[in-house]
Amino acid sequence: MSPASKASNVCFSCHFQTALGNRSARHLHEDAKHATQRRRGMQAPEGKKALHTDGVESYNGWSNHILTIQAGGSFTIPCHYDEKYKQQKKYWFSESYKIYKNTTEENLSIIDYPDQSLFTVSMRNLQNEDTGTYDCVVDIEGTLTVTYELYINVKSAPDVSVVSSRVSGHEGGDISVQCIYSSGYQNKVKRWCRYKDQSCYTVGRTNTSQSSSVQISDDDGGRSFTVLMTGLRLTDSGWYFCFVGQALDPVHLTVTEAKPDKEKNNFRCASAVIDSGQCFYLEMERETQSV
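Residues numbered from 1 in each chain as written. Predicted model: local features only at pLDDT ≥ 70, side-chain atom pairs only at ≥ 80, totals over all residues. Heavy atoms only, no water.

(A) Summary view of the overall build of the protein. The helix and strand inventory of the protein stands at four helices and 21 strands. Taking all 291 residues of the protein together, the buried fraction comes to 44%. On the protein, roughly 15100 Å² of surface is accessible, and the fraction owed to carbon and sulfur atoms is 49%. (Helix = DSSP H or I, 4+ residues; strand = E, 2+ residues; numbered from the N terminus. Buried < 20%, exposed > 50% of the residue type's maximum accessible area, 1.4 Å probe, protein only. Areas by Shrake-Rupley, 256 points an atom, 1.4 Å probe, with all protein chains shown as cover.)

(B) Highlighting the confidence of the model for the protein. On average, residues of the protein score 74 in pLDDT, and 64% of them reach the 70 mark or higher. Here helix 1 (residues 3-19) is the element of the protein with the lowest mean pLDDT, 32, and strand 21 (residues 247-256) is the one with the highest, 97. A low-confidence stretch, residues 1-25 stays under pLDDT 50, and its non-local contacts, those more than four residues away or across chains, total 37 contacts. Scored below 50 in pLDDT, residues 35-61 makes 56 contacts in the model with residues more than four places away or belonging to other chains. (pLDDT = per-residue confidence, 0-100. Contact = heavy atoms within 4.5 Å.)

(C) Inspection of the state of the cysteines at higher detail. Under the criterion given, the structure shown has three disulfides. Disulfide partner of C79: C136, at an S-S distance of 1.9 Å. Handedness here is read from the sign of the S-S torsion; for C79 and C136, about -45 degrees, the answer is left-handed. Placement of the pair is C79 in strand 4 (residues 75-80) and C136 in strand 10 (residues 132-140), with a sequence separation of 57 residues. On the basis of relative accessible area, C79 is assigned to the buried category, the value being 0%. The partner cysteine of C179 in its disulfide is C242, sulfur to sulfur 1.7 Å. (Disulfide = S-S within 2.5 Å.)

(D) Main features of the sheet that holds strand 9 (residues 118-123). One open sheet holds the four strands; their spatial order is 4-9-8-7, and the pairing between them is antiparallel. Edge positions in the open sheet fall to strand 4 and strand 7 (103-104), since each of these has one partner strand only. Pairing analysis gives six bridges linking strand 4 to strand 9, with the strands arranged antiparallel. Looking at the pairing, T76 lines up with S122 of strand 9. (Pairing = 2+ DSSP bridges.)

(E) Summary view of the pattern of salt bridges. Counted by the stated rule, this structure contains three salt bridges. Across the pair D159 and K155 runs a salt bridge, and its minimum N-O distance is 3.2 Å. Between K190 and D218 there is a salt bridge, with its nearest N and O atoms 3.5 Å apart. Within this pair, whereas K190 is found in strand 15 (residues 190-194), its partner D218 is found in strand 18 (residues 213-219), the two being separated by 28 residues in sequence. Using a relative accessible area of 7% as the deciding quantity, one classes K190 as buried. (Salt bridge = Lys/Arg side-chain N within 4 Å of Asp/Glu carboxyl O.)

(F) Representation of unusual backbone geometry within the structure. Positive phi values are uncommon outside glycine, yet E141 reaches one of about 50 degrees. For E141, the position within the fold is in the loop between strand 10 and strand 11 (143-155). Despite not being glycine, Q198 has its phi angle at roughly 60 degrees, a positive value.

(G) Quick look at the nonpolar core. F75, I77, W92, V121, M123 and I152 are the most contacted members of the largest nonpolar core, which has 30 residues in total. Every element with two or more residues in this core is listed here: strand 3 (65-70), strand 4, strand 8 (108-113), strand 9, strand 10, strand 11 and strand 20 (238-244). Excluding residues within four positions of it along the chain, V121 makes contact with F75, T76, I77, C79, W92, L108, S109 and I110. Membership of the second largest hydrophobic core comes to 23 residues, among which are V162, V167, Y201 and V251. (Core = buried A, V, L, I, M, F, W, Y, C linked by side-chain atoms within 4.5 Å.)

(H) Seen up close, the packing of aromatic side chains. Within this structure, the stated rule accounts for eight aromatic pairs. Note on F241 and F243: the rings are 5.8 Å apart at their centroids and 85 degrees apart in plane angle, and the pair reads as edge-to-face. Taking relative accessible area as the criterion, F243 reaches 0% and is therefore assigned buried. Grouping aromatic residues by their ring pairs yields a cluster made of Y148, Y195, F241 and F243. (Phe/Tyr/Trp six-rings, centres within 6.5 Å; stacked < 30°, edge-to-face > 60°.)

In structure tokens, the structure reads:
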């Protein structure tokens with residue numbers, strides 16, 4: 001950690017010790033560590049599929065993920081939790097006994113979004129000493145529960161990255177995301193996964209009534225693959241991961257309502273039986289504009 005981050009960590013630890021009585025920061029981290037071990041014991045082997053329908057895959061083993069960040073770079077990841085825990089305390093733990101809560105510091109932001117049942121963690125200006133395992137943790141009735149674990153590796157160049165970490169589109173429209181990977185990952189499985197429900201798409205095309213159409217095209221020579229989502233729905237909004245093997249990079253997708261087409265509305269009005277002053281006015285306005 002940078003000197004500034006280390007100084008702020010002391011304050012966080014002191015705050016937790018005061019708020020949680022005799023339970024020290026180290027004890028809190030040990031609780032989270034034990035929770036992680038219990039969670040690992042219940043998971044399926046790495047990459048084991050729990051469901052496979054119409055090209056959509058859900059994975060029981062949602063762990064052992066790696067995020068590689070270039071030195072001096074930054075990232076934002078989501079930490080989902082069950083909506084019934086909106087009022088519970090959330091933490092970001094590191095393996096070096098650093099504990100963080102809702103805060104905004106120079107190189108760290110942790111923000112809870114109860115309406116979305118998630119909190120986000122943003123770390124900036126990462127250095128080699130920030131490499132390590134981190135946990136999203138929720139305090140559930142005094143029991144610290146790890147909801148997601150991630151290994152962050154700070155190095156000279158990322159193994160997997162995206163051209164843009166935030167994309168947006170309109171309902172019914174299309175978006176594309178380019179995921180770039182290093183040469184060592186060329187033969188790894190490429191996936192596009194939605195974080196919230198852990199559904200993943202691999203090479204191919206999927207059409208269902210619950211989701212947009214998703215197509216993945218792998219360009220082996222260019223060491224990248226492109227995700228194309230068409231027929232976007234408002235429910236497609238959320239966090240996704242570009243996966244190559246177990247290495248990932250997060251992407252946030254925002255889908256907004258489609259804008260009304262004034263010309264189409266005027267045309268529909270003109271083609272209808274004109275029995276209202278408003279419809280007649282729209283038709284007259286359309287004709288005037290075309291002159």
